[in-house]
Amino acid sequence: MAKELFSTEMINTGGREGKVVSPSGKSEFTIKKPGGSDSESGTNTNPEQLFAAGYASCFNGALQLMLSNDNVEFNECKTSANVSLNDYAEGDDKDLRIAVTLKSEIDTLDEEKTKEYMEKAHAFCPYSKAIDGNVDVELTV
């Protein structure tokens, strides 16, 4: 049985035109459809932005852990996650899925070494494991 290290909860009302709030009420975001008006202002967001924020943070943490495990020194290590919502259907039906492009930069490593560490991080990252086989993920430097 797994040992739980952390758990969190957010509650949605209204779907893609609603809000999410933490049980304590201290974190709240207005949800707007991707590309809708105000989807990138203030506390307005969409599910894809929230996923991108979580995945970029988790992946970059895993990347930094892989570097630390190998005693690789760095000053800055950053990762961006570009999450797209794609329709894979042919014809009039909808088959909506997300795809992700992760891009990392490590100031002390060249592209080849950065990609090597990204692959190690991808094998370790809990987000990467959770979506393995379900979401197209591209690693870029």
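Residues numbered from 1 in each chain as written. Predicted model: local features only at pLDDT ≥ 70, side-chain atom pairs only at ≥ 80, totals over all residues. Heavy atoms only, no water.

A few points about the pattern of salt bridges
And then number 1: This structure, assessed with the given rule, holds five salt bridges.
And then number 2: Among the ionic pairs, Arg16 bridges to Glu48, the shortest N-O distance being 2.6 Å. With Arg16 in the loop between β1 (11–13) and β2 (19–21) and Glu48 in helix α1 (residues 47–69), this residue pair connects regions lying 32 residues apart in the sequence.
And then number 3: When its relative accessible area of 8% is taken as the criterion, Glu48 is described as buried.
And then number 4: The partner of Lys94 in a salt bridge is Asp87, and the shortest N-O contact between them spans 3.5 Å. (Salt bridge = Lys/Arg side-chain N within 4 Å of Asp/Glu carboxyl O. Helix = DSSP H or I, 4+ residues; strand = E, 2+ residues; numbered from the N terminus. Buried < 20%, exposed > 50% of the residue type's maximum accessible area, 1.4 Å probe, protein only.)

Digging into α1
And then number 1: Here α1 contains 23 residues, and its C-alpha end-to-end distance of 33 Å stays within 8% of the 33 Å for a straight helix at 1.5 Å per residue.
And then number 2: All buried positions along α1 are accounted for by Glu48, Ala52, Gly54, Tyr55, Ala56, Phe59, Asn60, Ala62, Leu63, Met66 and Leu67.
And then number 3: Looking at the buried residues of α1, the elements they touch are β5 (77–87), β6 (96–106), α2 (111–124), α3 (126–131) and β7 (136–140).
And then number 4: Directly after α1, the chain includes Asn71, whose backbone phi takes a positive value near 55°. (Expected span 1.5 Å × (residues − 1). Contact = heavy atoms within 4.5 Å.)

Observations concerning the sheet that holds β6
And then number 1: Sheet architecture is open: three strands sit in the order β5-β6-β7, paired in mixed fashion. At either end of the open sheet lies a strand with only one pairing partner, and these are β5 and β7. Strand-to-strand twist of the sheet, defined as the mean angle between neighbouring strand axes without regard to direction, takes the value 15°.
And then number 2: Sheet analysis places β6 next to β7, joined by five bridges and oriented parallel. Along β7, the bridge assignment pairs Val100 with Val137.
And then number 3: The strands touched by α1 are β5, β6 and β7; relative to β5, the strand with the most contacts, the crossing angle is about 145°. (Pairing = 2+ DSSP bridges. Axes fitted to C-alpha atoms, helices over the stretch in contact; angles between N-to-C directions.)

A look at α2
Note on helix geometry: an α-helix contains 3.6 residues per turn, so any two residues three or four positions apart are oriented the same way.
And then number 1: For α2, which comprises 14 residues, the first-to-last C-alpha distance of 20 Å matches the rise-based estimate of 20 Å (1.5 Å per residue) to within 8%.
And then number 2: For α2, the complete set of buried residues consists of Thr114, Tyr117, Met118 and Ala121. The buried residues of α2 occupy an angular sector of 110° when projected down its axis, which confines them to one face. Turned more than 90 degrees away from the buried face of α2 sit Glu112 and Ala123, all of them exposed.
And then number 3: Those residues of α2 hidden inside the fold are in contact with α1, β6 and β7.
And then number 4: With a side-chain oxygen lying 3.3 Å from the backbone nitrogen of Glu112, the N-terminal cap of α2 falls on Asp110. (Arc of directions from axis to C-beta. Polar contact = N/O pair within 3.5 Å; in protein donor to acceptor, adjacent residues only side chain to side chain.)

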